[in-house]
Amino acid sequence: MDKKAIRTENFFRLIKEAGNVSKLSRACGYTNPASLHQLRARLEKNEEGGRGISSVLATKLEQGMKKPNGWMDKRHRDETQPAFGNKQTVDSTHSLATNNSDRIVSVTRNTKETQITITINLDGSGQGRFDTGVPFLEHMLDQIARHGMIDLDVTCKGDLHIDDHHTVEDIGIVFGQALKQALGDKMGVRRYGHSYVPLDEALSRVVLDLSGRPGLVYNLAFSRAWIGKFDVDLFEEFFHGVVNHAMITLHIDNLSGTNAHHQAETVFKAFGRALRMAVEFDERMAGKIPSTKGLLSESN
């Protein structure tokens, strides 16, 4: 077994020893666990020629878990094999869900048009990290993270030489997939969320339901067609991707506004706040599905 395989094996041993990836991240001093979740997802794919664990990270893992120097490069008797067979796939995607109590999920979706990885932590602190090649979209995604109090890591390599359409739409799709998986059976959540957000002359209202049934009502007439180099029509494509893959009902209404930037920003801030309300746990609903049907899925 070569050094790459040994380090990979020991990485999974440390995850088991720590309890989950998030706890391992905290032990190693990471404030955002997204990077280790992405590493785990990459290692589980076990691609030939793929990058392994660097020496710098190996040392950090050893120090964080109080292992002696060189521990990551040695095999150990009580072996825990990496769970390379535990991958879940959705529509040609690779996805990874950790302990449900963490509500942290990484989803990768690769097509000929886009290669996207999104990590979402529904119980985060509002941190966002974005590398998509579409700056104004990143500004809007940051509103979702900050006002939704979720940690959101989005990387995308898209066919921007054509235009932004595929990138924006597919990020919405993968965000929806990640949200759906992170929510699980939705036991104990509030289910419904709503928010009004103003910004100077603009005012938007967003109402959503984690219903298990996709539906978008989109009432947003932008005052102009472009915000800088961004085509505002793509926002509707983004939200269609979200609702169709998160299986949620979403009503978006821009009630007033003459500045297109303000219109967009109020919508994304309101969406983040409404999402935060809907996914939060309700102590009075603990252990219960918030539906008289007893389930919230696409089949209800």
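Below: a short report on this structure.

Basis of the calculations
Residues numbered from 1 in each chain as written. Predicted model: local features only at pLDDT ≥ 70, side-chain atom pairs only at ≥ 80, totals over all residues. Heavy atoms only, no water. Pairing = 2+ DSSP bridges. Helix = DSSP H or I, 4+ residues; strand = E, 2+ residues; numbered from the N terminus. Right-handed = clockwise from strand over helix to strand, strands pointing away. Expected span 1.5 Å × (residues − 1). Buried < 20%, exposed > 50% of the residue type's maximum accessible area, 1.4 Å probe, protein only. Contact = heavy atoms within 4.5 Å.

**A short note on the pairing of strand S6 (residues 151–158)**
Then, number 1: Where strand S4 (residues 114–121) meets S6, eight bridges bridge the pair, whose relative direction is antiparallel. Residue pairing for S6: Thr-114 is matched across the bridge by Gly-158.
Then, number 2: By the bridge criterion, four bridges tie strand S5 (residues 128–131) to S6 in an arrangement that is parallel. Paired with Gly-128 across the strands is Leu-152, a residue of S6.
Then, number 3: Running through helix H5 (residues 135–148), the crossover from S5 to the neighbouring parallel element S6 is left-handed.

**A closer look at unusual backbone geometry**
Then, number 1: For Arg-191, which is not glycine, the phi dihedral falls at a positive 80 degrees.
Then, number 2: Along the polypeptide, Arg-191 turns up in the loop between helix H6 (165–183) and strand S7 (192–199).

**Observations regarding H5**
The periodicity of an α-helix, 3.6 residues per turn, causes residues three or four places apart in sequence to face the same way.
Then, number 1: Look at H5: 20 Å from first C-alpha to last across 14 residues, which is about the 20 Å you get at 1.5 Å a residue.
Then, number 2: Of all the positions in H5, only Phe-136, Leu-137, Glu-138, Met-140, Leu-141, Gln-143, Ile-144, Ala-145 and Gly-148 are classed as buried.

**Focus on helix H3 (residues 34–45)**
Then, number 1: The end-to-end C-alpha distance of H3 is 17 Å, a good match for the 16 Å that 12 residues give at a rise of 1.5 Å each.
Then, number 2: In terms of burial, H3 is a largely internal element, nine of the 12 residues being buried.
Then, number 3: Restricting attention to buried positions, one finds in H3 the residues Ala-34, Leu-36, His-37, Gln-38, Leu-39, Arg-40, Ala-41, Leu-43 and Glu-44.
Then, number 4: Of the residues flanking the end of H3, it is Asn-46, one or two places downstream, whose phi is positive at about 55 degrees.

**Points about the environment of Val-242**
Then, number 1: The residue Val-242 is located in helix H7 (residues 234–246) in this model.
Then, number 2: Take Val-242: its relative accessible area is 0%, and that puts it in the buried class.
Then, number 3: Measuring from C-alpha to C-alpha, the distance between Val-242 and Pro-214 comes to 8.9 Å, with 28 residues separating the pair along the chain.
Then, number 4: In this structure, Val-242 is in contact with Gly-172, Ile-173, Phe-175, Gly-176, Met-247, Ile-248 and Phe-271, ignoring residues within four places of it in sequence.

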